[in-house]
Amino acid sequence: ATRPSLVERRVVLEVDNRSDETFVLDGEWMESGQWSGRPPFGLTKKSATKVELASEDFFRGVFGLVWFVSESSLDMYFSVAFCNPLSESASFNAWVGPPPAELLQEMHCAPSVTSYQGVQVPAGRGVAWNVIEKGSTLHVRIVILEDPAPMDITAYPPQALLDELKKMEIQQEGGGAASAAAA
């Protein structure tokens, strides 16, 4: 159960799963906040589920990630990044199908909900949403579209991430060689 807080923040997600896939909870990461009640086991195909999270401390908002995986094939994800802080505007982003390569990074750069006007249908994401309420409660209606794309395992990790890792490796090797030469 959530303790009442002086300035409580909430995130309410109404998920309308129109696909033929049931998505089961695969993970969560909360910087602050917690489930209001029990976390959902899954998002049943062709049905709607309401998910609620709330702040658990005085003067803290709700900031986190939740992701679900397709029960039958384990190759499609429903991923959500959300933030409803006390001092700034809320942010939200979602994906269905292949997950973002760096979901934690996506949480930190999710767009402010103040920029959203009407229903959002990002191209190639398999999802649509509409922000219903902003303020102490961030309320978002989300639709998982009918035919989400499965994840292409050969696309992970993305080439840009591999290039960045290679660059870091070269820098570390160069620093190590310079240290050895100095000794």
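Parameters and conventions
Residues numbered from 1 in each chain as written. Predicted model: local features only at pLDDT ≥ 70, side-chain atom pairs only at ≥ 80, totals over all residues. Heavy atoms only, no water. Helix = DSSP H or I, 4+ residues; strand = E, 2+ residues; numbered from the N terminus. Buried < 20%, exposed > 50% of the residue type's maximum accessible area, 1.4 Å probe, protein only. Contact = heavy atoms within 4.5 Å. Areas by Shrake-Rupley, 256 points an atom, 1.4 Å probe, with all protein chains shown as cover.

**Considerations on the overall build of the protein chain**
Secondary structure summary: the protein chain contains two helices and 10 strands in total. Counting from the amino terminus, the protein chain carries its helices and strands in the arrangement β-β-β-β-β-β-β-β-α-β-β-α. A total of 183 residues make up the protein chain; the buried ones form 41% of that total. Once local pairs closer than 6 in sequence are excluded, the contacts in the protein chain between residues at least 24 apart make up 61%. By element, 54% of the accessible surface of the protein chain is carried by carbon and sulfur atoms, the whole surface being about 10,000 Å².

**Considerations on unusual backbone geometry**
Leaving glycine out, the prevailing phi sign among residues is negative, and the prevailing peptide bond configuration is trans. The phi angle at Lys46 is positive, at roughly 55°, despite the residue not being glycine. Considering the arrangement of structural elements, one finds Lys46 in the loop between strand S4 (42–43) and strand S5 (47–54). Under the relative-accessibility criterion, Lys46 is labelled exposed at 52%.

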